[in-house]
Structures are given as structure tokens and as C-alpha cells.
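Close look at the chain arrangement
Below are the chains, spelled out letter by letter.
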Amino acid sequence: MKVNGTLMNYYIHCPRQCYLFGNRINLEDNSETVNIGKILHEERADNENTEIALDNIKLDKLTKEYLTEVKKSDADIEACKWQLLLYLKILKDKGIVRKGKLEFIEKKKTIKKTMVLELTPEIEIMLKKYVKAIDELLKCDEVPPVLGKSSCKKCAYYEYCYI
């Protein structure tokens, strides 16, 4: 499986989740949290009609200046950042150079948080390392260990990992 934004996000968030998803063990269809995120994404897409499919990724919004990625929550900013940075690198490899913008929307909040990111040579080196690590992880015979973080309780894979 070619590394996409979802795998990058999951790898940063939880290598076990990345491994399971990357090896076609998908429990997300049963997750209320994931479904809420999809609904928010669809509502936004219906209003703005901006989602673009490119190779094995889906971009939320592309303008002359920014590639914008919209997230339901800022619960794991680091994972979201690396997902967007991967998208920026994929675009750059196709000759499209943009800044990245992360927008976090919470259904109950009226204030929207926004972050702006840019690719640097150091980030590109780190992206290569992450992609290589994800490729190697997905080829492993053993599932990575459970992290045991408090955020695990909200994960679509919680029952798989803890029961």
C-alpha cells in the first residue's frame, strides 16, 4: 500500500492503528467519532465543493496560496501536521508549491483554530524517514504494542486492542 495521508496521520498518532489500517483491518466504519468527522467534512464539501482527489490522497481545498486540510478536532495536532506536510510534498513533487493551512473545527465551538505550515528541506528529510518507517511497519508480521494512552478510549480500534 502506498503511504497516504491517513497512514501518515495514524503512524504519528499510533503505529498500531497505522499497522491495522494499512493491513486492511478497518474498524472505522463502526466509530461514532469517525462518522462525525466524515459528516463535518461532507457538510463543508457540500458548501464549498472544493475536495480534490489526486493519486491516493484527497485534498480538502487547494487555492493559489494554500492547501487547506480541515480536521474535526485539534486532539492530535502533530499527526494532522505531518499528514498535511505529506500532502504538500506530494504536490511539490508534481510541481505545485503551496503553503499548508490546518483548520480545526469543533461542532460545539464557534471559534475556528488555524495553523500555517511550510515545507523545509529538514521536513522533507523527516517525511522520507516517516514514509520508509511506515513501509517497513506495514510489512512486519507482528502487530505493534498497545500504547495505553488516554486517547485510546476514543479510537475506532479500542475494542480490538483492549478486549
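These numbers come from a predicted model, not from an experiment.

Below, the discussion takes up the state of the cysteines. Counted according to the given criterion, the structure contains zero disulfides. A disulfide-free cysteine, Cys161 has its sulfur positioned 6.3 Å from the sulfur of Cys155, the nearest such atom.

Here we come to the sheet that holds strand S6 (residues 113-117). Pairing within the open sheet is mixed, and its four strands lie in the order S3-S4-S5-S6. Edge positions in the sheet fall to strand S3 (61-62) and S6, since each of these pairs with one other strand and no more. Bridge analysis of S3 against strand S4 (residues 66-71) gives two bridges, and the strand direction is antiparallel. Across the sheet, the residue bridging to Leu62 is Leu67, located in S4.

Next up on the list: the packing of aromatic side chains. Scanning the entire structure with this criterion turns up four aromatic pairs. Taken together, a centroid distance of 5.3 Å and an interplanar angle of 85 degrees make the contact between Tyr10 and Phe21 edge-to-face. Taken together, the residues Tyr10 in helix H1 (residues 5-13) and Phe21 in helix H2 (residues 15-22) connect sequence positions 11 residues apart. Note on Tyr10: relative accessible area 11%, which makes it buried. Residue classification places Phe21 among the buried residues on the basis of a relative accessible area of 18%. Here the aromatic rings of Tyr11 and Tyr130 are separated by 5.9 Å at their centres, their planes lie at 65 degrees, and the arrangement is edge-to-face. Placement of Tyr11 in helix H1 and of Tyr130 in helix H5 (residues 121-139) is noted, with a sequence separation of 119 residues between them. Tyr130 matches Tyr11 in its accessibility class, with the two residues each being buried. Members of the aromatic cluster, each reached through a chain of ring pairs, are Tyr11, Trp82 and Tyr130.

We now examine the pattern of salt bridges. Considering all chains together, one arrives at eight salt bridges under this definition. Glu65 is paired through a salt bridge with Lys99; the nearest N and O atoms lie 3.6 Å apart. One end of the pair, Glu65, is in the loop between S3 and S4; the other, Lys99, is in strand S5 (residues 99-104), and 34 residues separate them in sequence. Where Lys92 meets Glu124, a salt bridge forms, and the shortest distance between an N and an O atom there is 2.6 Å. Placement of Lys92 in helix H4 (residues 77-93) and of Glu124 in helix H5 is noted, with a sequence separation of 32 residues between them. Owing to a relative accessible area of 37%, Lys92 belongs among the partly exposed residues under this scheme. Note on Glu124: relative accessible area 16%, which makes it buried. Bridged by salt links that share partners, the residues Lys89, Lys92, Asp93 and Glu124 form one connected network.

Cut-offs and rules
- Residues numbered from 1 in each chain as written.
- Predicted model: local features only at pLDDT ≥ 70, side-chain atom pairs only at ≥ 80, totals over all residues.
- Heavy atoms only, no water.
- Disulfide = S-S within 2.5 Å.
- Pairing = 2+ DSSP bridges.
- Helix = DSSP H or I, 4+ residues; strand = E, 2+ residues; numbered from the N terminus.
- Phe/Tyr/Trp six-rings, centres within 6.5 Å; stacked < 30°, edge-to-face > 60°.
- Buried < 20%, exposed > 50% of the residue type's maximum accessible area, 1.4 Å probe, protein only.
- Salt bridge = Lys/Arg side-chain N within 4 Å of Asp/Glu carboxyl O.

Such coordinate-based values are descriptive only and should not be taken to indicate function.
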